[in-house]
Amino acid sequence: MRPLAAALAAMVVVGATAYFAFLPRWSGTWVFWALAAGPTIVLSALALLWARQEGLAGEWLRWKPGDFTLGFVAAAALFGVAWAVVRLVAPVGSEREIWLVSLYAQIGDPRDLQAHVALVAPAICAAAFAEEVVWRGAVTRLLAQRVGSRSAWVWAAVLYALAYVPTAWSLRASGGAGGLDPVLPLAALGAGLLWGGIARAAGRIAPAMVAHALFDWAVIMMFPLWGAHG
(Lines give C-alpha, C1' and ligand atoms only; values in the text may rest on other atoms or scores of the structure.)
Protein backbone atom coordinates (compact mmCIF):
# COMPACT_ATOMS: atom_id res chain seq x y z
CA MET A 1 0.00 0.00 0.00
CA ARG A 2 1.24 3.48 -0.82
CA PRO A 3 2.28 5.68 2.14
CA LEU A 4 -0.48 8.27 1.74
CA ALA A 5 -3.12 5.59 1.22
CA ALA A 6 -1.97 3.79 4.37
CA ALA A 7 -2.15 7.00 6.42
CA LEU A 8 -5.62 7.77 5.08
CA ALA A 9 -6.73 4.20 5.78
CA ALA A 10 -5.73 4.62 9.42
CA MET A 11 -7.78 7.82 9.57
CA VAL A 12 -10.83 6.10 8.07
CA VAL A 13 -10.62 3.09 10.42
CA VAL A 14 -10.28 5.27 13.52
CA GLY A 15 -12.95 7.68 12.31
CA ALA A 16 -15.50 4.97 11.60
CA THR A 17 -15.02 3.18 14.90
CA ALA A 18 -14.91 6.45 16.86
CA TYR A 19 -18.28 7.41 15.41
CA PHE A 20 -19.86 4.20 16.71
CA ALA A 21 -17.98 4.33 20.02
CA PHE A 22 -19.46 7.71 20.88
CA LEU A 23 -23.06 6.88 20.03
CA PRO A 24 -25.24 7.39 23.14
CA ARG A 25 -26.28 3.72 23.17
CA TRP A 26 -22.77 2.75 24.33
CA SER A 27 -22.54 5.41 27.04
CA GLY A 28 -20.53 4.16 30.02
CA THR A 29 -20.30 0.58 28.73
CA TRP A 30 -17.41 -1.73 27.92
CA VAL A 31 -18.45 -1.51 24.26
CA PHE A 32 -17.51 2.18 24.28
CA TRP A 33 -14.01 1.42 25.54
CA ALA A 34 -13.59 -1.48 23.12
CA LEU A 35 -14.62 0.61 20.10
CA ALA A 36 -12.74 3.71 21.24
CA ALA A 37 -9.42 2.00 21.90
CA GLY A 38 -9.50 -1.48 20.38
CA PRO A 39 -9.03 -0.65 16.67
CA THR A 40 -6.16 1.73 17.42
CA ILE A 41 -4.45 -0.93 19.53
CA VAL A 42 -4.73 -3.35 16.62
CA LEU A 43 -3.36 -0.70 14.23
CA SER A 44 -0.48 -0.04 16.61
CA ALA A 45 0.46 -3.72 16.60
CA LEU A 46 0.55 -3.66 12.80
CA ALA A 47 2.51 -0.40 12.90
CA LEU A 48 5.11 -1.90 15.23
CA LEU A 49 5.51 -4.92 12.96
CA TRP A 50 6.10 -2.57 10.03
CA ALA A 51 8.44 -0.40 12.11
CA ARG A 52 10.46 -3.46 13.11
CA GLN A 53 10.86 -4.44 9.47
CA GLU A 54 11.95 -0.90 8.63
CA GLY A 55 14.32 -0.67 11.59
CA LEU A 56 12.28 2.14 13.19
CA ALA A 57 10.88 0.51 16.32
CA GLY A 58 13.98 1.12 18.42
CA GLU A 59 14.09 4.76 17.34
CA TRP A 60 10.42 5.32 18.21
CA LEU A 61 10.46 3.64 21.59
CA ARG A 62 13.91 4.65 22.80
CA TRP A 63 13.76 5.98 26.34
CA LYS A 64 16.08 8.62 27.78
CA PRO A 65 16.41 10.28 31.18
CA GLY A 66 14.14 13.29 31.34
CA ASP A 67 11.44 11.85 29.07
CA PHE A 68 9.01 11.51 31.97
CA THR A 69 9.69 15.07 33.12
CA LEU A 70 9.19 16.41 29.60
CA GLY A 71 5.97 14.45 29.26
CA PHE A 72 4.71 15.64 32.64
CA VAL A 73 5.39 19.30 31.84
CA ALA A 74 3.70 18.95 28.44
CA ALA A 75 0.66 17.26 29.98
CA ALA A 76 0.37 19.97 32.65
CA ALA A 77 0.62 22.72 30.02
CA LEU A 78 -1.98 21.05 27.83
CA PHE A 79 -4.32 20.60 30.77
CA GLY A 80 -3.97 24.28 31.65
CA VAL A 81 -4.83 25.31 28.09
CA ALA A 82 -7.76 22.88 27.96
CA TRP A 83 -9.13 24.14 31.28
CA ALA A 84 -8.91 27.77 30.12
CA VAL A 85 -10.53 27.05 26.75
CA VAL A 86 -13.39 25.15 28.38
CA ARG A 87 -14.06 27.98 30.82
CA LEU A 88 -14.00 30.50 27.98
CA VAL A 89 -15.90 28.62 25.28
CA ALA A 90 -18.26 26.30 27.16
CA PRO A 91 -18.71 27.64 30.71
CA VAL A 92 -21.19 26.13 33.13
CA GLY A 93 -24.69 27.32 32.31
CA SER A 94 -23.97 28.10 28.67
CA GLU A 95 -25.67 26.38 25.75
CA ARG A 96 -22.33 24.88 24.73
CA GLU A 97 -21.88 23.18 28.11
CA ILE A 98 -23.79 20.26 26.57
CA TRP A 99 -20.69 19.45 24.50
CA LEU A 100 -18.84 18.42 27.66
CA VAL A 101 -21.90 16.87 29.27
CA SER A 102 -22.28 14.53 26.29
CA LEU A 103 -18.59 13.65 26.23
CA TYR A 104 -18.27 12.84 29.92
CA ALA A 105 -21.55 10.94 29.93
CA GLN A 106 -20.12 8.76 27.18
CA ILE A 107 -16.94 8.00 29.10
CA GLY A 108 -18.91 6.88 32.14
CA ASP A 109 -19.74 7.75 35.72
CA PRO A 110 -16.52 8.89 37.49
CA ARG A 111 -17.48 6.82 40.53
CA ASP A 112 -17.68 3.66 38.42
CA LEU A 113 -14.36 4.46 36.76
CA GLN A 114 -12.68 5.03 40.12
CA ALA A 115 -14.15 1.80 41.44
CA HIS A 116 -12.51 -0.05 38.53
CA VAL A 117 -9.23 1.86 38.50
CA ALA A 118 -7.25 -1.37 38.13
CA LEU A 119 -8.86 -1.81 34.71
CA VAL A 120 -9.15 1.83 33.70
CA ALA A 121 -5.50 2.72 34.30
CA PRO A 122 -4.09 0.05 31.97
CA ALA A 123 -6.75 0.90 29.39
CA ILE A 124 -5.76 4.57 29.38
CA CYS A 125 -2.05 3.71 29.15
CA ALA A 126 -2.62 1.18 26.37
CA ALA A 127 -4.76 3.61 24.38
CA ALA A 128 -2.21 6.42 24.77
CA PHE A 129 0.65 4.11 23.76
CA ALA A 130 -1.27 2.84 20.74
CA GLU A 131 -2.31 6.29 19.53
CA GLU A 132 1.24 7.59 19.71
CA VAL A 133 2.61 4.57 17.84
CA VAL A 134 -0.02 5.00 15.12
CA TRP A 135 -0.11 8.79 14.74
CA ARG A 136 3.24 10.14 15.91
CA GLY A 137 5.01 7.00 14.75
CA ALA A 138 3.60 5.27 11.67
CA VAL A 139 1.38 7.96 10.16
CA THR A 140 4.01 10.66 10.61
CA ARG A 141 6.65 8.45 9.04
CA LEU A 142 4.38 7.52 6.12
CA LEU A 143 3.49 11.16 5.46
CA ALA A 144 7.15 12.13 5.61
CA GLN A 145 7.65 10.08 2.45
CA ARG A 146 5.24 12.43 0.67
CA VAL A 147 5.59 15.84 2.32
CA GLY A 148 8.98 15.61 4.04
CA SER A 149 9.85 15.14 7.69
CA ARG A 150 9.76 18.86 8.53
CA SER A 151 5.98 19.12 8.12
CA ALA A 152 4.83 15.51 8.37
CA TRP A 153 4.07 15.81 12.10
CA VAL A 154 1.72 18.73 11.40
CA TRP A 155 -0.16 16.83 8.72
CA ALA A 156 -0.35 13.81 11.01
CA ALA A 157 -2.04 16.00 13.63
CA VAL A 158 -4.52 17.19 11.00
CA LEU A 159 -5.41 13.60 10.04
CA TYR A 160 -5.64 12.73 13.75
CA ALA A 161 -8.18 15.52 14.21
CA LEU A 162 -10.10 14.57 11.06
CA ALA A 163 -10.42 11.02 12.37
CA TYR A 164 -12.50 12.37 15.25
CA VAL A 165 -14.74 14.63 13.16
CA PRO A 166 -17.45 11.91 12.97
CA THR A 167 -17.85 12.13 16.76
CA ALA A 168 -19.29 15.61 16.27
CA TRP A 169 -22.39 13.84 14.97
CA SER A 170 -22.46 10.86 17.32
CA LEU A 171 -22.08 13.11 20.38
CA ARG A 172 -24.65 15.62 19.15
CA ALA A 173 -27.17 16.25 21.91
CA SER A 174 -30.73 15.06 21.49
CA GLY A 175 -32.78 17.69 19.72
CA GLY A 176 -29.67 19.43 18.43
CA ALA A 177 -29.11 21.67 21.46
CA GLY A 178 -25.66 23.14 21.14
CA GLY A 179 -25.31 21.89 17.57
CA LEU A 180 -22.59 19.50 16.47
CA ASP A 181 -20.11 18.61 19.22
CA PRO A 182 -16.62 19.77 18.16
CA VAL A 183 -14.77 18.95 21.37
CA LEU A 184 -12.91 15.82 20.29
CA PRO A 185 -11.78 17.04 16.82
CA LEU A 186 -10.51 20.32 18.27
CA ALA A 187 -8.87 18.58 21.23
CA ALA A 188 -7.23 16.08 18.89
CA LEU A 189 -5.85 18.87 16.72
CA GLY A 190 -4.38 20.84 19.61
CA ALA A 191 -3.05 17.81 21.45
CA GLY A 192 -1.81 16.21 18.24
CA LEU A 193 0.24 19.28 17.40
CA LEU A 194 1.75 19.33 20.88
CA TRP A 195 2.54 15.62 21.00
CA GLY A 196 3.78 15.66 17.42
CA GLY A 197 6.02 18.62 18.18
CA ILE A 198 7.47 16.82 21.19
CA ALA A 199 8.14 13.69 19.18
CA ARG A 200 9.69 15.72 16.38
CA ALA A 201 11.96 17.64 18.76
CA ALA A 202 12.97 14.57 20.78
CA GLY A 203 13.39 12.27 17.81
CA ARG A 204 11.30 9.57 19.53
CA ILE A 205 7.74 9.17 20.76
CA ALA A 206 8.33 8.11 24.38
CA PRO A 207 7.87 11.64 25.83
CA ALA A 208 4.68 12.07 23.81
CA MET A 209 3.37 8.78 25.19
CA VAL A 210 3.95 10.00 28.73
CA ALA A 211 2.28 13.34 28.02
CA HIS A 212 -0.67 11.65 26.34
CA ALA A 213 -1.26 9.13 29.14
CA LEU A 214 -0.93 11.73 31.91
CA PHE A 215 -3.25 14.18 30.17
CA ASP A 216 -5.91 11.51 29.59
CA TRP A 217 -5.61 10.37 33.20
CA ALA A 218 -6.00 13.93 34.44
CA VAL A 219 -9.10 14.84 32.43
CA ILE A 220 -10.81 11.48 32.93
CA MET A 221 -9.91 10.43 36.47
CA MET A 222 -8.43 13.29 38.48
CA PHE A 223 -9.59 16.70 37.27
CA PRO A 224 -12.51 16.32 34.83
CA LEU A 225 -13.12 19.42 32.76
CA TRP A 226 -16.81 19.08 33.51
CA GLY A 227 -18.57 17.61 36.53
CA ALA A 228 -18.13 17.51 40.23
CA HIS A 229 -14.44 18.36 40.05
CA GLY A 230 -14.70 20.69 37.04
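Residue positions are counted from 1 within each chain, in the order its sequence is given. Totals for whole chains, interfaces and linings use all residues, but because this is a predicted model, local features are given only for residues with pLDDT of at least 70 and pairs of side-chain atoms are given and counted only at 80 or more. To get the side-chain values, all heavy atoms of the structure are used, and hydrogens and water are removed first.

Q: Could you give an account of the overall build of the protein, naming the residues involved and the relevant values?
A: What the protein contains, in helices and strands, is 11 helices and 0 strands. Put simply, the protein runs from its N terminus to its C terminus through helices and strands in the order α-α-α-α-α-α-α-α-α-α-α. What you see for the protein is a C-alpha radius of gyration of 17 Å, in line with the 17 Å of a compact globule of 230 residues. Dimensions of the protein, computed from the C-alpha atoms along their principal axes, are close to 50 × 35 × 30 Å. The buried share of the protein, taken over its 230 residues, is 44%. For the protein, restricting intrachain contacts to residue pairs at least 6 apart in sequence, the fraction spanning at least 24 positions comes to 77%. Only the protein chains shown count as cover for residues, and the accessible areas themselves come from Shrake-Rupley with a 1.4 Å probe. Just so you have it, the protein exposes about 11,500 Å², and 69% of that area is on carbon and sulfur atoms. We count a stretch as a helix when DSSP gives it H or I for four or more residues in a row; a strand needs E for two or more, and each element gets its number in order from the N terminus. The size measure is the radius of gyration over C-alpha atoms, and the globule rule it meets is 2.2 Å times the number of residues to the 0.38 power. Here the term buried applies to any residue with accessible area under 20% of the maximum for its type, exposed to any over 50%, and partly exposed to those in between, with areas from a 1.4 Å probe on protein chains only. Note on contacts: a residue pair is in contact if any heavy atoms of the two residues lie within 4.5 Å.

Q: Which residues make up the packing of aromatic side chains, and what are the values?
A: Geometry of aromatic contacts follows a simple scheme: Phe, Tyr and Trp rings, the Trp one being its six-membered ring, pair when their centres are within 6.5 Å, and the pair is stacked under 30 degrees between planes, edge-to-face over 60, tilted otherwise. Following the criterion strictly, the structure yields 8 aromatic pairs and no others. Seen in terms of ring centroids, F22 and F32 are 5.0 Å apart; in terms of plane orientation they differ by 80 degrees. Their pairing is edge-to-face. Pair noted here: F22 is in the loop between α1 (3–21) and α2 (30–54) and F32 is in helix α2, with a separation of 10 residues, a long-range link. Comparing F22 with F32 shows no difference in burial state: the two are buried. What links up through ring pairs into an aromatic cluster is the set F22, F32 and W33. Charge-over-ring placement is defined geometrically: NZ (Lys) or CZ (Arg) within 6 Å of the ring centre, and within 35 degrees of the ring normal. The side chain of R136 reaches across the aromatic face of Y160, ending 4.5 Å from its centre.

Q: Can you explain the environment of G58? Please cite residues and give values.
A: With respect to the secondary-structure elements, G58 resides in helix α3 (residues 57–61). Judged by its relative accessible area of 53%, G58 falls in the exposed class. Spatially, the C-alpha atoms of G58 and R111 are 39 Å apart, while their sequence positions differ by 53 residues.

Q: So what about the packing of helix α7 (residues 117–147) against helix α8 (residues 149–163)? Which residues, and what values?
A: It is at 8 Å that the axes of α7 and α8 come closest, and there the two elements cross at 125 degrees. Between α7 and α8, the angle falls in the class oblique. In this structure, α7 crosses over α8, and the sense of that crossing is right-handed. In this structure, α7 contributes E131, W135, R136, V139, T140, L143, A144 and V147 to the contact, and α8 contributes S149, S151, A152, W153, W155, A156, L159, Y160 and A163. Only the stretch in contact is used when fitting a helix axis, every axis being a line fitted to C-alpha atoms; angles between N-to-C directions are given from 0 to 180 degrees. Here the angle decides the label: under 35 degrees means roughly parallel, over 145 means roughly antiparallel, 65 to 115 means roughly perpendicular, and every other value means oblique. Here a crossing is taken to be left-handed if its near helix is turned anticlockwise relative to the far helix by less than a right angle, and right-handed if that turn runs clockwise.

Q: Could you give me a rundown of the pattern of salt bridges, with the residues and numbers involved?
A: Take a side-chain nitrogen of Lys or Arg and a carboxyl oxygen of Asp or Glu: if they are within 4 Å of each other, that pair is a salt bridge. This model, assessed by the stated rule, comprises 4 salt bridges. Between R141 and E59 there is a salt bridge, and its shortest N-O distance comes to 3.7 Å. Within this pair, whereas R141 is found in helix α7, its partner E59 is found in helix α3, the two being separated by 82 residues in sequence. The class for R141 is partly exposed, based on a relative accessible area of 35%. Overall, the relative accessible area of 31% leaves E59 in the partly exposed class. Between R136 and E132 there is a salt bridge, with the nearest N and O atoms lying 2.8 Å from each other. With R136 and E132 both in helix α7 and 4 residues apart, the pair spans about one turn of that helix. With relative accessibility at 6%, the residue R136 sits in the buried group. According to the relative accessible area criterion, E132 is buried, its value standing at 0%.

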